[in-house]
Amino acid sequence: YGNTAPTGEGQAIRAFDGDVQVYNSVVALSGLNAIHAESGGNITVAYTALQYWVAGNHNLIVPPEMTDPGNGDFTLQATSPLIDAGFGDLAPAVDFLGLTRADDPQTADTGGGTPTWIDMGAYEYLP
């Protein structure tokens, strides 16, 4: 969130050599060139919320609707499009706070893998 880089490319993710895979993440307020691969680097981004970049691979080009990111609160608001939209196969059983992942019954499950209701980002929305 809000990263910068001296060259203006790769503020959030930069691959110099080899493969980088990004799933169930949020890349926000990091600029138009937030993701950049040098020659020899390859980046796969899927089931991730981005403000800028290329759609596809189940990525969402939307504001993440976090509670108060400017003050370090990256939890999701009840209206966030990231709820139940992640990829379950690659998600840990608990979120960044150690809370068990849970399905929000008020939100349609649009994610992939098993389970289909994992949230994108480090924090699972808990109603």
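Residues numbered from 1 in each chain as written. Predicted model: local features only at pLDDT ≥ 70, side-chain atom pairs only at ≥ 80, totals over all residues. Heavy atoms only, no water.

Judged by nonpolar contacts, A46, Y47, A49, M66, L76, L82, I83, A85, F87, M120 and Y125 together constitute the single largest core of 11 residues. With near-sequence residues (within four places) excluded, L82 lies in contact with V26, A49, L60, V62, P64, L76, I118, D119 and M120. Counting nine residues, the second largest nonpolar core, distinct from the first, contains I13, A15, V27 and A34. (Core = buried A, V, L, I, M, F, W, Y, C linked by side-chain atoms within 4.5 Å. Buried < 20%, exposed > 50% of the residue type's maximum accessible area, 1.4 Å probe, protein only. Contact = heavy atoms within 4.5 Å.)

So, about the pairing of strand β9 (residues 73–76). Two faces, one strand: in a regular strand the side chains alternate between the faces of the sheet. Note that strand β8 (residues 66–68) and β9 share two bridges and pair antiparallel. By the bridge assignment for β9, D68 is matched with D73. Connecting β8 to the next strand, β9, in antiparallel fashion are four residues, including G72 with a positive phi near 85 degrees. (Pairing = 2+ DSSP bridges. Helix = DSSP H or I, 4+ residues; strand = E, 2+ residues; numbered from the N terminus.)

Attention now goes to the side chain of D84. Considering the arrangement of structural elements, one finds D84 in the segment after β9. Put simply, D84 is tucked away with no salt bridge, and the nearest opposite charge, on R101, sits 8.7 Å away. For D84, the contacting residues outside a window of four places in its chain are A102, D103, D104, T107, A108, D109, T110, G111, T116, W117, I118 and D119. (Lys, Arg positive; Asp, Glu negative; His and termini not counted. Salt bridge = Lys/Arg side-chain N within 4 Å of Asp/Glu carboxyl O.)

In this section: the pattern of salt bridges. Following the criterion strictly, the structure yields one salt bridge and no others. Of the charged contacts in the structure, one is a salt bridge between E124 and R101, with a shortest N-O distance of 2.8 Å. Here R101 lies in the segment after β9 and E124 lies in the segment after β9, a separation of 23 residues in the sequence. Given a relative accessible area of 9%, R101 falls into the buried group.

Here the focus is unusual backbone geometry. Look at the link from T114 to P115: it is a cis peptide, with omega at 0 degrees. If you trace the backbone, P115 turns up in the segment after β9. In this model, H58 sits at a positive phi of 70 degrees, which is unusual for a non-glycine residue. Here H58 shows up in the loop between β6 (49–50) and β7 (60–61). Positive phi, close to 55 degrees, is recorded for E65, a residue that is not glycine.

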